[in-house]
Amino acid sequence: MKKRRTFIFACSGSDCKSNGAKAFADAIKGTISEKAFRGKFKLVKTKCMDCCKSGPVAVIKNELIKKGDLEQLVKELVLE
Ligand code: FES
């Protein structure tokens, strides 16, 4: 049976970029490469998701993570 991974979409649009999207994406990458999460998630960078005022944003399991809230994102990872 094929292994299934959950996608995490991180915005890399210009507004999010100026609010720290790169650091947020790097933090996500670092978190999902930890032993507990390894191989279960895939980070995909996207264009603007039209939530610029809440940037940097990411989406996991239809849940919008606003303001680069890594803690909320980790909660979603754990619920997986
Ligand atoms: S630039 Fe990220 S939501 Fe628009």
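Residues numbered from 1 in each chain as written. Predicted model: local features only at pLDDT ≥ 70, side-chain atom pairs only at ≥ 80, totals over all residues. Heavy atoms only, no water.

Mind showing me how you'd approach helix 2 (residues 21-32) here?
Spanning twelve residues, helix 2 covers 16 Å between terminal C-alpha atoms, matching the ideal 16 Å at 1.5 Å per step. Within helix 2, the full set of buried residues consists of Ala21, Phe24, Ala25, Ile28, Thr31 and Ile32. Buried positions in helix 2, seen along its axis, are confined to an arc of 125° and lie on one side of it. Across from the buried face of helix 2, at angles greater than 90 degrees, the exposed residues are Lys22 and Ala23. Next to the buried residues of helix 2 lie strand 1 (6-11), helix 1 (14-18), strand 2 (41-46), strand 3 (58-60), strand 4 (63-65) and helix 3 (70-79). (Helix = DSSP H or I, 4+ residues; strand = E, 2+ residues; numbered from the N terminus. Expected span 1.5 Å × (residues − 1). Buried < 20%, exposed > 50% of the residue type's maximum accessible area, 1.4 Å probe, protein only. Arc of directions from axis to C-beta. Contact = heavy atoms within 4.5 Å.)

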